[in-house]
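Breakdown of the fold
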Amino acid sequence: MQPSVTLFGPLDTIMGATGPGDVLVVEYLLLALVVGNFLTRMVAHRRYTTQYDDGGAEAISRHPVHVASNVLLVVTSFYYMTLAHHGGMVLSVLVLGLVITDFFEFESRKVEARRDLALERPKGALVAAMVVFMYAGYQSLFWVIKGPWSAIV
């Protein structure tokens with residue numbers, strides 16, 4: 001029997017990656033971060049709208065909590081890739097797609113403000129966040145449907 005080798009030592013132990021088949025706490029953490037990202041996205045959009053109403057297009061700036069949420073989501077998904085290679089790779093690509101979409105959604109809000117249009121909701125980023133949410137939910141909550149799924153597949 002070989003001892004399990006972990007890349008980040010104590011952090012891996014805290015996150016539950018001490019052996020094959022262990023419950024990974026980082027999966028639940030990622031699911032919570034995605035839900036938190038939805039909340040920060042809502043707060044950021046409200047702030048953009050308020051800034052636009054108060055000071056026009058030049059007053060709109062990125063919301064620091066939402067930026068921190070995006071960074072934390074990227075870092076955590078990269079860490080997850082060290083524990084579960086396939087699921088981590090898929091989730092990391094989805095999260096990077098979300099962050100890139102979020103970047104361009106912010107820029108499109110600035111363009112709308114410069115053209116004196118009403119600010120739309122960040123539809124593309126919401127769809128990307130929903131895809132990330134569904135995959136993170138699949139990774140963390142698969143145990144709910146594991147029995148019936150195994151019987152069918």
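Treat the numbers as computed from the prediction; the structure is a model and nothing was measured.

Below, the discussion takes up the overall build of the protein. Each helix and strand counted, the protein has six helices and zero strands in total. Starting at the N terminus and ending at the C terminus, the protein contains elements arranged as α-α-α-α-α-α. A buried classification covers 37% of the 153 residues belonging to the protein. The contacts in the protein between residues at least 6 apart in sequence include a share of 65% that link residues at least 24 apart. Accessible surface, the protein as shown: approximately 9,200 Å² in total, 71% of it carbon and sulfur.

The next subject is the packing of helix H2 (residues 25-55) against helix H5 (residues 123-141). Remark: H2 packs on H5, axes separated minimally by 8 Å, with the N-to-C direction vectors making an angle of 160°. Classed by the angle they form, the pair H2 and H5 counts as roughly antiparallel. The hand of the H2/H5 crossing is left-handed. Contacts between H2 and H5 involve Glu-27, Tyr-28, Leu-31, Val-34, Val-35, Phe-38 and Arg-41 from the former and Ala-125, Leu-126, Ala-129, Met-130, Val-132, Phe-133, Ala-136, Gly-137, Gln-139, Ser-140 and Leu-141 from the latter.

Okay, helix H3 (residues 64-83) next. With 20 residues, H3 should reach 28 Å at 1.5 Å per residue; the first-to-last C-alpha distance of 29 Å fits that figure. Among the residues of H3, those classed as buried are His-66, Ser-69, Asn-70, Leu-73, Val-74, Thr-76, Ser-77, Tyr-79 and Tyr-80.

With numbering aligned to this structure, UniProt lists the feature "transmembrane region" (unreviewed entry) at residues 25-44, 65-81, 87-104 and 125-145. Between the end C-alpha atoms of residues 65-81 the distance is 24 Å, and the span holds 100% helix and 0% strand. End C-alpha atoms of residues 87-104 are separated by 26 Å, and the span's content is 100% helix alongside 0% strand.

Right, let's talk about the packing of helix H4 (residues 85-114) against H5 for a bit. Where H4 contacts H5, the axes come no closer than 8 Å and their chain directions differ by 165°. By the angle between their directions, the pair H4 and H5 is classed as roughly antiparallel. For the pair H4 and H5, the sense of crossing is left-handed. In this structure, H4 contributes His-86, Gly-87, Val-90, Leu-91, Leu-94, Val-95, Leu-98, Thr-101, Asp-102 and Glu-105 to the contact, and H5 contributes Lys-123, Gly-124, Ala-125, Ala-128, Ala-129, Val-131, Val-132, Tyr-135, Ala-136 and Gln-139.

Cut-offs used in this document
- Residues numbered from 1 in each chain as written.
- Predicted model: local features only at pLDDT ≥ 70, side-chain atom pairs only at ≥ 80, totals over all residues.
- Heavy atoms only, no water.
- Helix = DSSP H or I, 4+ residues; strand = E, 2+ residues; numbered from the N terminus.
- Buried < 20%, exposed > 50% of the residue type's maximum accessible area, 1.4 Å probe, protein only.
- Contact = heavy atoms within 4.5 Å.
- Areas by Shrake-Rupley, 256 points an atom, 1.4 Å probe, with all protein chains shown as cover.
- Axes fitted to C-alpha atoms, helices over the stretch in contact; angles between N-to-C directions.
- Parallel < 35°, antiparallel > 145°, perpendicular 65-115°, else oblique.
- Left-handed = near helix turned anticlockwise from the far one by under 90°.
- Expected span 1.5 Å × (residues − 1).
- UniProt positions renumbered as here; feature names shortened; annotations may be inferred.

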